[in-house]
Amino acid sequence: HAVDGMEAMSPVLVDAMELLVDVLPADIAPGVSAPAAVGVPMRTTSAVVRHLAASGKLRIVDVAEYNPRYDVDSRTAKAAARLVTDIVHALPAD
């Protein structure tokens, strides 16, 4: 289940996150230099980034490991954009 163990991540102490898209499965993120044979499911990755964003402590997000040369039908770009959207929507209102 995507949110199992989220309680163990609290309290969140980070203010920066580097989102490495090569952690996603190769069928979702082919546009990386080293595709993951299995990878972390998108649902799990989304739950983690939303949890970190909702903490109110996240200030910087860096998306890394994207290589458009290897991307197929912009799948990796779309997955990264989805995760960034998840982060933005999970940020607490100030």
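Residues numbered from 1 in each chain as written. Predicted model: local features only at pLDDT ≥ 70, side-chain atom pairs only at ≥ 80, totals over all residues. Heavy atoms only, no water.

## So, the environment of Asp15
Quick note on the threshold: Where helices and strands are cited, they refer to DSSP runs of H or I of at least four residues and of E of at least two residues respectively, numbered from the N terminus. Between two residues, a contact is recorded if the distance between any of their heavy atoms is within 4.5 Å.
Position of Asp15 among the secondary structure elements: in the segment before strand 1 (16-20). Those residues in contact with Asp15, other than ones at most four positions away along the chain, are Lys57, Leu58, Arg59 and Ile60.

## Regarding the confidence of the model for the protein chain
Just so we agree on the cut-off: For every residue, the predictor assigns a confidence score, pLDDT, that lies between 0 and 100.
Residue-level pLDDT values for the protein chain average 89, and 85% of them are 70 or greater. Put simply, strand 1 is where the protein chain has its lowest mean pLDDT, 93, and helix 2 (residues 75-90) is where it has its highest, 98.

## Remarks on the pattern of salt bridges
What counts, and what does not: When a carboxyl oxygen of Asp or Glu lies within 4 Å of a side-chain nitrogen of Lys or Arg, that pair is called a salt bridge.
Under the definition given, this model contains one salt bridge. Here Arg82 and Asp86 are joined by a salt bridge, their closest N and O atoms 2.9 Å apart. Within this pair, Arg82 and its partner Asp86 are both found in helix 2, separated by four residues, close to a single helical turn.

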